[in-house]
There are 2 protein chains.
Amino acid sequence: MEINELNPDITSVAPSALRAFDHKISQDPNIVKLTLGEPDFNVPEHIKLAAIKAITDDKSHYPYYWGIQELRDAASEYYREKFGYNYTADQIVCSVGATEGLAATFKTLFKPGEGVIIPAPAYPVYKALAGVNHLKAIMVDTSTSDFVLTPEQVQAAIDANPETPIKGVVITDPCNPTGVIYTEDQLHALVDVLRDNKIWVISDEIYGKLLYGGAKHYSLSAWLPDQTIIVNGLSKSHAMTGWRIGFVFGPTGIIDEIAKAHQFQVTTPTSIVQYASVEALTHGQADAEKMRVIYEKRCTYLAAELQKLGFEMVKPGGAFYIFAKIPEICHQTSVEFADELAAKYHVGVMPGKPFGDDRYIRISYASSMDNIKAAVSGMAELLQSKK
Amino acid sequence: MEINELNPDITSVAPSALRAFDHKISQDPNIVKLTLGEPDFNVPEHIKLAAIKAITDDKSHYPYYWGIQELRDAASEYYREKFGYNYTADQIVCSVGATEGLAATFKTLFKPGEGVIIPAPAYPVYKALAGVNHLKAIMVDTSTSDFVLTPEQVQAAIDANPETPIKGVVITDPCNPTGVIYTEDQLHALVDVLRDNKIWVISDEIYGKLLYGGAKHYSLSAWLPDQTIIVNGLSKSHAMTGWRIGFVFGPTGIIDEIAKAHQFQVTTPTSIVQYASVEALTHGQADAEKMRVIYEKRCTYLAAELQKLGFEMVKPGGAFYIFAKIPEICHQTSVEFADELAAKYHVGVMPGKPFGDDRYIRISYASSMDNIKAAVSGMAELLQSKK
């Protein structure tokens, strides 16, 4: 069979440019990588011990497809206490990381042909999921509003797409790639336009535990519980990226449908990870905080150094990224800059293009201070060469 | 939002009746269950130790989305030696169990509206995946041909659906729920009609290591390599159901597209399970055989006992199921029979209805001999009560 006989919703979507770029530069054994969005920390010891106990206790059989009861109970409690979520265990599905939760949510909420607003720059998986589900991705440039989506931008997107039934919007708070967080007022300002237009919120709060400067995390689910699906998980808060555990929170009825999409996608996440995750949520309340303090120090350092080098940025309030505008002096697109930085200076940063803005680079500081310093040196050398 | 505003491809598909039935009867603390399709064995010790080593070695970061190189290399070698598969590592994607591999395959191969032939009785997930992907599921009754799909049945399905472009057929060998295996001749007989009509084979070979009576496993990929996708995994051969690891094998080009669908579905399977699976494939060649010998003994015993009770069946050649026709004396549908057996005799067997044949029950002998004997006693009592 020819490729063009396959499903065009798959063939027309490119594989993740982020992972491809990272894979490419990883061939250089001397590369210092500030590319991928994953903690450089390891899984906390007590969670590792819980996983080992699950293995020795032979917790290797099929868990219930929603996830084991203990884990959904623990997630209900943990996120209620941390973020004020208001979901019982039967409104929570355990997913194979946040990605699978997003995939099940997109598949369930949208009919082919409907529209989804994606504030850009954005994590590229949202646009890919729109493509995979045959949706119209309506990219809204937020670089003019400090990377925060405004109600005016939502209204303008609606007005500009009269033929498209816009059914959802993705809110990533804290944001990947910009590190920007929404204040309570900024989120609340979106409520009316979303309610009036019956636009579902797909609220990606995976970085919600990583906020700086004493900021507090808010969720649109507080005001729009009947039209919000939250995706969260332990990848970032507990450094469990490769272990693949996420959670989807949603209103009764709707979440049952998402659970079905999830079931036919994966059956259920890995059993031993589910048991370990109970430990993470019940005795790992302090885990994220320890990492957060370290991330914040790195963030402060890196932001100051980048500014010295001439990079402009919106001050990040969370996550572990800085989205920095490439100095004019370079006259380079993000891909050219990142390629040159990797090839000549052995420093990996992510080009902004896959996120939707070719003027920027995304620098992850989920890496050691030594790596961050080495990366700054490399960038300084590159910029020096342009003078 | 109302449920009817969601994606009808999800809302119209029922959640797994198998898991729902199992969940229901599991509320009875005294139930003896021969319901679910998973080994009663635990993960072999050396694989558990490999998983523990991966945990202590902090293999907790994102693996490459196709799966780690070592695992794809090991899968290439293991399945080449065991079944004669002819796939290099770059033609293999590691999936979250066979389910996720099937989901990615269905999503990639088919455009909405196309048809897929599903020989019935069948594992219900195939029909669900057809629904989720907006395909026409063409169920072909194989109870008239000893549960083996024949070329005449394929041709008849094509002739009966002139409006539907039939693009695929699912072959489950050994078969769930019937336990029937295809001989080399039976598989080879399908080659011409599938080639002439450009029908892709989705070959679910997850039970391929569990064959009885010295039978050998064959795969249509030997004759139709350019139009076969194989789904396999370690759930059944290594008793790793809850750990969630599967493999998709396919021709270059096509498999790259399946890898993309997989990436946007889950990113990748759990890292520690991937490392443990390398151990399973490189040093666990004998694991399945030990279990197989025990399954075969149970199968022989159970088949004989069921025949004494008046159940008719096609002699199973593999997997760990017997699909038995409920004796006429009962005058019961499969759901009525299974419900009564569970409620009055505390024995759980799966009704045949979700598999597509309400005259049968599926009895899994992936359970201890004590449980099997207790189940036989329960069924004997039920049958006695009908006389």
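Quantities reported herein were computed from a predicted structural model and do not represent experimental measurements. (Residues numbered from 1 in each chain as written. Chains lettered and ligands numbered in written order. Predicted model: local features only at pLDDT ≥ 70, side-chain atom pairs only at ≥ 80, totals over all residues. Heavy atoms only, no water.)

Further remarks concern the packing of aromatic side chains. One pass over the full model with this rule turns up 48 aromatic pairs over all chains. When the centroid spacing of 6.0 Å and the interplanar angle of 40° are considered together, the rings of Tyr79 of chain A and Phe83 of chain A count as tilted. Of this pair, Tyr79 of chain A and Phe83 of chain A both sit in helix α4 (residues 69-83), separated by four residues, roughly a single helical turn. There is no split in this pair, since Tyr79 of chain A and Phe83 of chain A are both buried. Aromatic rings pair up to connect Tyr78, Tyr79, Phe83, Tyr85, Tyr87, Phe247 and Phe249 of chain A into one cluster. Over the face of the ring belonging to Tyr62 of chain B we find Arg19 of chain A, whose NZ or CZ atom lies 4.4 Å from the ring centre. (Phe/Tyr/Trp six-rings, centres within 6.5 Å; stacked < 30°, edge-to-face > 60°. Helix = DSSP H or I, 4+ residues; strand = E, 2+ residues; numbered from the N terminus. Buried < 20%, exposed > 50% of the residue type's maximum accessible area, 1.4 Å probe, protein only. Lys NZ or Arg CZ within 6 Å of the ring centre and 35° of its normal.)

Attention now moves to the pairing of strand β8 (residues 246-249) of chain B. All names here are of chain B. With burial as the criterion, each face of β8 is covered, one bearing Gly246 and Val248 and the other bearing Phe247 and Phe249. Sheet topology note: the strand β2 (residues 92-95)/β8 ladder contains four bridges and is antiparallel. Bridge pairing in β8 links Ile92 to Phe249. Looking at chain direction, strand β7 (residues 228-233) and β8 are connected through four bridges and run antiparallel. Residue pairing in the sheet places Asn232 in a bridge with Phe247 of β8. (Pairing = 2+ DSSP bridges.)

A separate point is α4 of chain A. Residues and elements named next belong to chain A. For α4, which comprises 15 residues, the first-to-last C-alpha distance of 21 Å matches the rise-based estimate of 21 Å (1.5 Å per residue) to within 8%. Looking only at α4, the buried set comprises Leu71, Arg72, Ala74, Ala75, Ser76, Tyr78, Tyr79 and Phe83. Residues of α4 that are buried sit in contact with β2 (92-95), β7 (228-233), β8 (246-249) and α11 (271-283). (Expected span 1.5 Å × (residues − 1). Contact = heavy atoms within 4.5 Å.)

What follows is about the relation of the copies chain A and chain B. Each copy of the sequence occupies a distinct position, and chain A is placed on chain B by a rotation of 180° and an axial shift of 0.0 Å, giving an RMSD of 0.0 Å. This pairing of chains is accounted for by a two-fold axis. The position closest to the rotation axis in chain A is occupied by the C-alpha of Ile52 of chain A, lying 3.0 Å away. Interface overlap between copies is the fraction of interface residues in one copy that are interface residues in the other; for chain A against chain B it reaches 100%, indicating a shared surface. (Least-squares fit on C-alpha atoms with pLDDT ≥ 70 in both.)

Right, let's get into the sheet that holds strand β4 (residues 136-141) of chain B. All names here are of chain B. Within the open sheet, the seven strands sit side by side as β2-β8-β7-β6-β5-β3-β4. Their pairing is mixed. This sheet does not close on itself; its edge strands, each paired only once, are β2 and β4. Within the sheet, the average angular offset between the axes of one strand and its neighbour, ignoring direction, is 20°. (Axes fitted to C-alpha atoms, helices over the stretch in contact; angles between N-to-C directions.)

Counting residues at the interface gives 75 residues for chain A and 75 residues for chain B. Taken over both partners, the interface formed by chain A and chain B buries close to 6,500 Å², and the fraction arising from carbon and sulfur atoms is 61%. For Lys48 of chain A, the salt bridge identified is with Asp58 of chain B, shortest N-O distance 2.7 Å. Here the residues of the side of chain A that touches chain B sort into 38 nonpolar, 21 polar and 16 charged. (Buried area = accessible area lost by both parts, 1.4 Å probe. Salt bridge = Lys/Arg side-chain N within 4 Å of Asp/Glu carboxyl O. Nonpolar A, V, L, I, M, F, W, Y, C, P; charged D, E, K, R; others polar.)

Bringing the nonpolar core into the picture now. With 214 residues, the main nonpolar core has Leu194 and Phe337 of chain A together with Leu194 and Phe337 of chain B as its most contacted residues. Once residues lying within four places of it in the same chain are set aside, the contact partners of Phe337 of chain A are Phe311, Ile326, Cys330, Gln332, Val349, Ile361, Met379 and Leu382 of chain A. (Core = buried A, V, L, I, M, F, W, Y, C linked by side-chain atoms within 4.5 Å.)

Turning next to the domain arrangement of chain A. All names here are of chain A. Taken domain by domain, chain A comprises domain 1 (3-43 + 287-386) and domain 2 (59-283). Relative placement of domain 1 and domain 2: their C-alpha centres are 24 Å apart. Of the roughly 2,800 Å² buried between domain 1 and domain 2 on both sides combined, carbon and sulfur atoms contribute 63%. The tally of links from domain 1 across to domain 2 stands at zero salt bridges. Where domain 1 packs against domain 2, one counts 14 residue pairs in polar contact (both at pLDDT 80 or more). Where the side of domain 1 that touches domain 2 is concerned, the elements lending two or more residues are α1 (8-11), α2 (17-25), α12 (287-309), β10 (321-325) and β12 (360-364). Among the elements that line the side of domain 1 that touches domain 2, the one with the most residues is α12, at seven residues. Of the residues contributing to the side of domain 1 that touches domain 2, the split by class is 21 nonpolar, four polar and nine charged. (Domains from an automatic or database assignment. Polar contact = N/O pair within 3.5 Å; in protein donor to acceptor, adjacent residues only side chain to side chain.)

On to the sheet that holds strand β1 (residues 32-34) of chain B. Residues and elements named next belong to chain B. Read from one edge to the other, the open sheet built from five strands follows the order β1-β11-β12-β10-β9, with strand pairing classed as mixed. Looking at strand neighbours, the two that pair on one side only are β1 and β9 (312-313), the edges of this open sheet. As judged from the five bridges shared by strand β10 (residues 321-325) and strand β12 (residues 360-364), these two strands associate in the antiparallel manner. Its bridge partner being in β12, Ile322 is matched across the sheet by Ile363. Strands β11 (347-351) and β12 of the sheet are contacted by helix α13 (residues 334-345), whose axis makes an angle of about 170° with β11. Docked against the sheet, helix α14 (residues 369-386) engages β1, β11 and β12, running at close to 95° with respect to β1.

Let's shift gears to the pattern of salt bridges. All names here are of chain B. Within this structure, the stated rule accounts for 30 salt bridges over all chains. Two residues, Asp339 and Lys24, come together in a salt bridge whose shortest N-O distance is 3.1 Å. You can see Asp339 sitting in helix α13 and its partner Lys24 sitting in helix α2 (residues 17-25), a full 315 residues away along the chain. With relative accessibility at 48%, the residue Lys24 sits in the partly exposed group. A salt bridge links Glu340 to Lys344; the shortest N-O distance between them is 3.4 Å. Taken together, the positions of Glu340 and Lys344, both in helix α13 and four residues apart, correspond to about one turn of that helix. A residue is classified by how much of its surface remains accessible, and Lys344, at 57% relative accessible area, is exposed.

Residue and element names in this part refer to chain B. Tracing the backbone shows Arg298 in helix α12 (residues 287-309). Residue class for Arg298 comes out buried when judged on its relative accessible area of 6%. A polar contact is formed between the side chain of Arg298 and the backbone oxygen of Tyr365, at a distance of 2.9 Å.

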